[in-house]
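Summary of the model geometry
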Amino acid sequence: QVQLVQSGGGLVQAGGSLRLSCAASGRTFSSLAMGWFRQAPGQEREFVISKDEVNVYYIDSVKGRFTISRDNAKNTVYLQMNSLKPEDTAVYYCAQARTYYLGRNYDSSASYDYWGQGTQVTVSS
C-alpha cells in the first residue's frame with residue numbers, strides 16, 4: 001500500500017522560508033510524477049507545483065519563490081518555499097501521480113492517486 005507521509009510546515013513571518021517533505025513508500029517512486037497542492041480555509045484545493053520526467057509545472061503566484069525537488073534515494077519529494085506571503089497560508093498536500101508524464105493534466109487532482117495527510121503552513125503579516 002502506498003503511503004505519503006508529510007513533515008515540515010508551521011508558522012512563519014512574511015518573507016520567511018519553509019521546507020516541506022513528503023516521504024513515499026509502497027510503490028516505485030523514482031519514475032512517477034509528484035506534486036503539491038494546497039487548500040486555504042473556505043477555498044477549493046488548488047494545484048501549486050509538480051515535477052515529472054520532463055517538466056516542472058507551477059502556478060504563476062509561486063514562480064520564483066517555490067521549488068520542487070526530489071531525492072529518489074530517499075523516496076522523498078520536497079517543497080522549498082521562499083519569500084512567503086500571507087496568501088500562501090493553507091494546508092499543503094503532496095501527491096503522487098500514476099504516470100511519469102503529466103502533460104496538460106498536470107494541475108488536475110485526478111492525475112494524482114495518492115495523497116499525503118496535509119501540513120499546515122501559516123504565514124503571518
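Each chain carries its own residue numbering, running from 1 in the written order of its sequence. With the structure being a predicted model, the display of local features is reserved for residues of pLDDT at least 70 and the display and counting of side-chain atom pairs for 80 or more, all residues being used for whole-chain, interface and lining totals. Calculated side-chain values reflect all of the structure's heavy atoms, with hydrogen atoms and water omitted.

Below, the discussion takes up the overall build of the chain. Each helix corresponds to a stretch of at least 4 residues labelled H or I by DSSP, and each strand to a stretch of at least 2 residues labelled E; elements are numbered beginning at the N terminus. Across its full length, the chain carries zero helices and 11 strands. Overall, the chain shows an N-to-C arrangement of helices and strands of β-β-β-β-β-β-β-β-β-β-β. Each principal axis of the C-alpha distribution contributes one length, and for the chain these read about 40 × 25 × 25 Å. Burial status follows relative accessibility: with a 1.4 Å probe on protein chains alone, a residue under 20% of its type maximum counts as buried, one over 50% as exposed, and anything between as partly exposed. Counting only residues that meet the buried cut, the chain has 43% of its 125 residues in that class. On the chain, roughly 6400 Å² of surface is accessible, and the fraction owed to carbon and sulfur atoms is 43%. Here the chain contributes 12 positively and 10 negatively charged side chains, and the mean placements of these two sets differ by 4 Å. In these tables, accessible area is a Shrake-Rupley quantity obtained with a 1.4 Å probe, and a residue counts as shielded only by the protein chains included in the view. Charge convention: Lys and Arg are scored as positive, Asp and Glu as negative, and His as well as the terminal groups of each chain are ignored. The atom standing in for a charge is NZ when the residue is Lys, CZ when it is Arg, CG when it is Asp and CD when it is Glu.

The rule for a disulfide is simple: a pair of cysteine sulfur atoms within 2.5 Å. On inspection of all chains with the given rule, the structure shows one disulfide. Disulfide partner of Cys22: Cys94, at an S-S distance of 2.1 Å. Its S-S torsion of about 60° marks the bond between Cys22 and Cys94 as right-handed, since a negative value means left-handed. Of this pair, Cys22 sits in strand S3 (residues 18–25) while Cys94 sits in strand S9 (residues 90–97), placing them 72 residues apart in sequence. Neither Cys22 nor Cys94 differs from the other in exposure class; each is buried.

Let us look at the sheet that holds strand S7 (residues 66–71). Here the rule is simple: two strands pair whenever DSSP picks up at least two bridges between them. The strand order S1-S3-S8-S7 describes an open sheet built from four strands, whose pairing is antiparallel. Edge strands, defined here as strands with exactly one partner in the open sheet, are strand S1 (3–8) and S7. Taking the axes of each pair of neighbouring strands and ignoring which way they run, one obtains an average angle of 20° across the sheet. With six bridges joining them, S7 and strand S8 (residues 76–81) adopt antiparallel strand pairing. Between the N-to-C directions of two axes lies an angle of 0 to 180 degrees, each axis being a line fitted to C-alpha atoms and, for a helix, fitted only over the stretch in contact.

Two rings from Phe, Tyr or Trp (for Trp, the six-membered ring) form a pair when their centres are within 6.5 Å of each other. A pair whose planes differ by under 30 degrees is stacked, one over 60 is edge-to-face, and the rest are tilted. Enumeration according to the criterion identifies six aromatic pairs in this entry. Note on Phe37 and Tyr112: the rings are 5.2 Å apart at their centroids and 80° apart in plane angle, and the pair reads as edge-to-face. Taken as a pair, Phe37 in strand S4 (residues 34–39) and Tyr112 in strand S10 (residues 112–115) lie far apart in primary sequence, 75 residues in all. An aromatic cluster of at least three residues, connected via ring pairs, comprises Phe37, Phe47, Tyr57, Tyr106, Tyr112 and Trp115. Placement of a positive charge over a ring is assigned whenever Lys NZ or Arg CZ falls within 6 Å of the ring centre and within 35 degrees of the normal to the ring plane. Geometry around Trp115 places Arg45 over its ring, the cationic atom sitting 4.7 Å from the centre.

The next subject is the pattern of salt bridges. Criterion for a salt bridge: a side-chain nitrogen of Lys or Arg within 4 Å of a carboxyl oxygen of Asp or Glu. A complete count under the given rule lists four salt bridges for this structure. In this structure, Glu46 engages Arg38 in a salt bridge whose closest nitrogen and oxygen atoms are separated by 2.6 Å. For Glu46, a relative accessible area of 33% translates into the label partly exposed. For Arg38, a relative accessible area of 6% corresponds to the buried category.

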